[in-house]
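Below are the chains, spelled out letter by letter.
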Amino acid sequence: MAYNFSKIEKKWEQKWEQDDSFATYETDKQKYYVLEMFPYPSGKIHMGHVRNYSIGDVVARFKKMRGFNVLHPMGWDAFGLPAENAAIKHGIHPNKWTLENIDDMRNQLKRLGLSYDWNREVATCSEDYYKWTQWFFLKLYEKGLAYKKKSSVNWCPSCETVLANEQVVNGACERCDTPVGKKELDQWYFKITDYADRLLDDIEKLKGWPEKVKIMQKNWIGKSKGAEIDFEIKDFDKKLRVFTTRPDTIYGATYMVLAPEHPYVLDLVKETEYEEEIINFRKEMERTSEIDRTSANAEKVGLFTGRYAINPLTKKEIPIYIANYVLIDYGTGAIMAVPAHDERDFEFAKKYDLPVIPVIKPENEEIDLENIKKPYTDNGVMINSDKFNGLNNEEAKSKIVKYLEEEKIGKESINYKLRDWLISRQRYWGTPIPIIYCDECGIVPVPEEDLPVLLPKDVEFTGKGKSPLDTNEEFVNTTCPKCGKKAKRETDTMDTFVDSSWYFFRYTDSNNDNMPFDKNKANYWMKVDQYIGGVEHAILHLLYSRFFVKVLHDVGLSPVDEPFENLLTQGMVLKDGAKMSKSKGNVVSPEEIIQNYGADTARLFVLFAAPPERDLEWSDQGVEGCYRFLNRVYRLVEDLTFIYDDNSEIKVDSLDKSDKELRYVLHSTIKKVTEDIEERFNFNTAISSIMELVNEIYKYKDNEELNSVKKAVLSEAIDNLLILLSPFSPHITEELWHITGKDSSVHDESWPEYDKNATVKDEITVVVQVNGKVRDRIVVDSGISKEDMEKEALASEKVKNYIDGKDIKKVIVVPKKLVNIVAK
Ligand code: ANZ
Ligand code: ZN
């Protein structure tokens, strides 16, 4: 019979579902927790999903066969903007849209034969999930880690609505194209900055994470050591404080720059000729994004304020500017500019003709002090710096800070790039923030027993004006839990990154009604042993999850203080060299591939075409090739049905050369596949050695008379072939396993151990001499005959060099030891 993948795959998926084959429980076995980043339920899975989940499934199935108790769950990151957009566009309720998408996608995932324990499925938009997200908010609030502060949001003046960053296209509203402005709102934050040092220091612990992800996290946290220094301003009663990482360069500070938004700016220029221009510049900066202002190739622009500061060490007057490249929310929002040693300052100084004074020079090298061509940013020797001259600049750094501290004009200081986490969203489809505002009592957290604060279902979506929660009287109006008087609910919902910061805990106990999870269960399953997902989450999702786990650890809820032991970031799926995307029109749909070739081929292809961390180039021929391979496996096993009822054991003594050859290939393959999966996730090379094994089995069965010894050798090869292939292509291997006459599931088999003896070839080394001198050593089968020894010796390339053109007079063979050729 032909390989009817469609029938086979459906049959086994049904069987697995019936048997609840992938249900997981806590046992006394060693656990292994494999997790793939859960998807947003957009409605359809794409090839990136297929790749991500196939990788996870191989790991899960492999670990299970290695004897671990494996947790492998799946769920939905189900709150977020697209559902609301669908509501506005198509008038379908976000809840309905989301749940329908989840149903569709669950079916698509089930068609891939992934070994998920669906009993543990979570959806972040379900009441029994977001109840606990709210509960965690309350914990953070209790700990002083959730607070409110004013900050600005994107605001479309025409739709009168808040816009998410992704709704702002080239500075205009996605929907009506009106230029987007800013609006100040009171918003909720999580104080992740309290954890900056721990999040940074513990990166060291993440031994199983890719180096590049660790570097990205470090840079994002962005710890800088330096100093804060106060500069007097001429004819102004306040001092200007700057943050610098280079106090050693202070003698070269030739001007100052304030962020345009700096609170001093308006006072400095009040009622002067500079005022109007400066006010206009500030307005312009408000409209420019931080990224556009600070990118390395953005032109530096600024304005003189007409004011001067005094450099506290040189005592010289230096002009004060405002400029685009200094940001209000880093350091103190003001800098001392040192053009001789800083790229940005140099560019600015050249443009506005400001003095460049070098204060550090390279050791043992003279420089033209009058004509600096580019800033010198390395270490060196102090010059132009009075009593610090001649010192190494690192040494000068601490001496200058010490001096500033003694003079009370500065102090050591540390700064972080990391900002507190803004979690407020002026949206409907998210977890409501469980807070009530009372005129008498102020901010009152919703009592635990009143959770969840339910999202009202009956709402209207216009895309304009306030969020649907804001206009829902029934939701907004409530009573104060403290005093019982009339009060109003918070109408912001939480950033969906909050939902995904703890879902891996919920899987350990997803049906718990009394707690987010049982501590003993979390204790058993956490950490996640292997986390797998896209590198686009290398910063925010992973950092927020790490933060959450540390907070939960501190309040005694989490046994661990890091969530993910090992991290694998898979590459993208490309077609014609570009990322598959709707906009490029180069999407290959998984459904179509499954329809035409089956899920086993789809899985095999995405695993075979590239190592997981690399980008994968889509190839129709590659898919065809995998499909042909599975057909070949199918035929091989089906052709041999007559051998499987023979239950003879393999007796090593009765094996001939070809039996040994096949066993050599088989056991070397077991060894290679095991190591490729376990140590390196090199699924591609694992699969290619399985393909070679299949070739060898074909050769063997075609060339041999199948007596009972040979049947046993073949059976061994085929059983192991199916087990090795089963994590990659689970349906066909299950089918063939049954065709070989077994009642059990191939997926319940233990992973094979290779037979060490079989992987050692029975070989000896023979010395070859020409005229009594050793010219080569050749490796031959230990059973080799005298004639074959002579033949092999004469065929040696090295030996040929010495006998070419000569007459062979005599060949002396000492069995299993030596061949001596006499040539003249
Ligand atoms: C003088 C100086 C001399 C600086 C020099 C650098 C090199 P990181 O490492 O990123 O922390 N800076 C400080 N606050 C700033 C702000 N709000 N916006 C833009 N730039 C700011 O960088 C710290 C350095 O960035 C500080 O050290 C300051 O410039 C600048 F040869 O001070 B430096
Ligand atoms: Zn009250």
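Residues numbered from 1 in each chain as written. Chains lettered and ligands numbered in written order. Predicted model: local features only at pLDDT ≥ 70, side-chain atom pairs only at ≥ 80, totals over all residues. Heavy atoms only, no water.

## Some details on the coordination of the zinc ion (ligand 2)
Okay, so step 1: Here the zinc ion (ligand 2) is held by C438 (SG), C441 (SG), C480 (SG) and C483 (SG), and the distances to it run 2.1 to 2.4 Å.
Okay, so step 2: Its four donor atoms give the zinc ion (ligand 2) angles of 104 to 114° at the centre, a pattern that matches the tetrahedral case.
Okay, so step 3: Between consecutive donor residues of the zinc ion (ligand 2), the sequence gaps follow C-x2-C-x38-C-x2-C. Here C480 lies in the loop between β23 (477-479) and β24 (486-489) and C438 lies in strand β21 (residues 435-438), a separation of 42 residues in the sequence. Grouping residues by exposure puts C438 and C480 together as buried. (Donors = N, O, S within 2.8 Å, 3.2 Å for Na, K, Ca; no water. Tetrahedral: all angles 85-135°; square planar, octahedral: opposite > 155°, others 65-115°. Helix = DSSP H or I, 4+ residues; strand = E, 2+ residues; numbered from the N terminus. Buried < 20%, exposed > 50% of the residue type's maximum accessible area, 1.4 Å probe, protein only.)

## Thoughts on the site of ligand 1
Okay, so step 1: Inspection of the region around ligand 1 gives 17 residues, with S224, T244, L327, Y330 and K417 positioned closest.
Okay, so step 2: Separating an oxygen atom of ligand 1 from a side-chain N or O atom of S224 is a distance of 2.5 Å.
Okay, so step 3: T244 is positioned with one of its side-chain polar atoms (N or O) 2.7 Å from an oxygen atom of ligand 1.
Okay, so step 4: Protein chains bury 87% of the 650 Å² of accessible surface belonging to ligand 1 in isolation.
Okay, so step 5: For the shell around ligand 1, the elements supplying multiple residues, two or more each, are β11 (240-244) and β15 (334-337).
Okay, so step 6: Across the shell around ligand 1, the residue classes break down as eight nonpolar, five polar and four charged. (Near = heavy atom within 4 Å. Polar contact = N/O pair within 3.5 Å; in protein donor to acceptor, adjacent residues only side chain to side chain. Areas by Shrake-Rupley, 256 points an atom, 1.4 Å probe, with all protein chains shown as cover. Nonpolar A, V, L, I, M, F, W, Y, C, P; charged D, E, K, R; others polar.)

## What to know about the packing of aromatic side chains
Okay, so step 1: Counting across every chain of the model gives 54 aromatic pairs.
Okay, so step 2: Relative to Y544, the ring of F497 has its centre 5.5 Å away and its plane inclined at 65°; by these criteria the two rings are edge-to-face. In this pair, F497 is assigned in helix α14 (residues 496-499) and Y544 in helix α17 (residues 540-554), connecting sequence segments 47 residues apart.
Okay, so step 3: Owing to a relative accessible area of 22%, F497 belongs among the partly exposed residues under this scheme.
Okay, so step 4: Accessibility expressed as a relative area gives 11% for Y544, which makes it buried. (Phe/Tyr/Trp six-rings, centres within 6.5 Å; stacked < 30°, edge-to-face > 60°.)

## Details of the pairing of β21
Okay, so step 1: Where β21 and strand β22 (residues 442-445) come together, four bridges link them in antiparallel fashion. Within β22, the position partnered with I435 by the bridge is P445.
Okay, so step 2: In this antiparallel pair of consecutive strands, β21 and β22, the connection spans three residues.
Okay, so step 3: Looking at chain direction, β21 and β24 are connected through three bridges and run antiparallel. The partner of Y437 across the bridge, within β24, is K488. (Pairing = 2+ DSSP bridges.)

## Overview of the environment of I8
Okay, so step 1: Tracing the backbone shows I8 in helix α1 (residues 5-19).
Okay, so step 2: Residue I8 is classed as buried on the basis of its relative accessible area of 5%.
Okay, so step 3: Along the primary structure I8 and E735 are separated by 727 residues, whereas in three dimensions their C-alpha atoms are 6.8 Å apart.

## Concerning unusual backbone geometry
Okay, so step 1: The omega torsion of the bond from L451 to P452 falls at -5°, within 30 degrees of zero and hence cis.
Okay, so step 2: For P452, the location among the structural elements is in the loop between β22 and α13 (473-476).
Okay, so step 3: One non-glycine residue, D20, lies in the positive phi region at around 50°.
Okay, so step 4: In this structure, D20 sits in the loop between α1 and β1 (31-36).
Okay, so step 5: You will see that D235, though not glycine, has its phi angle at about 55°, which is positive.

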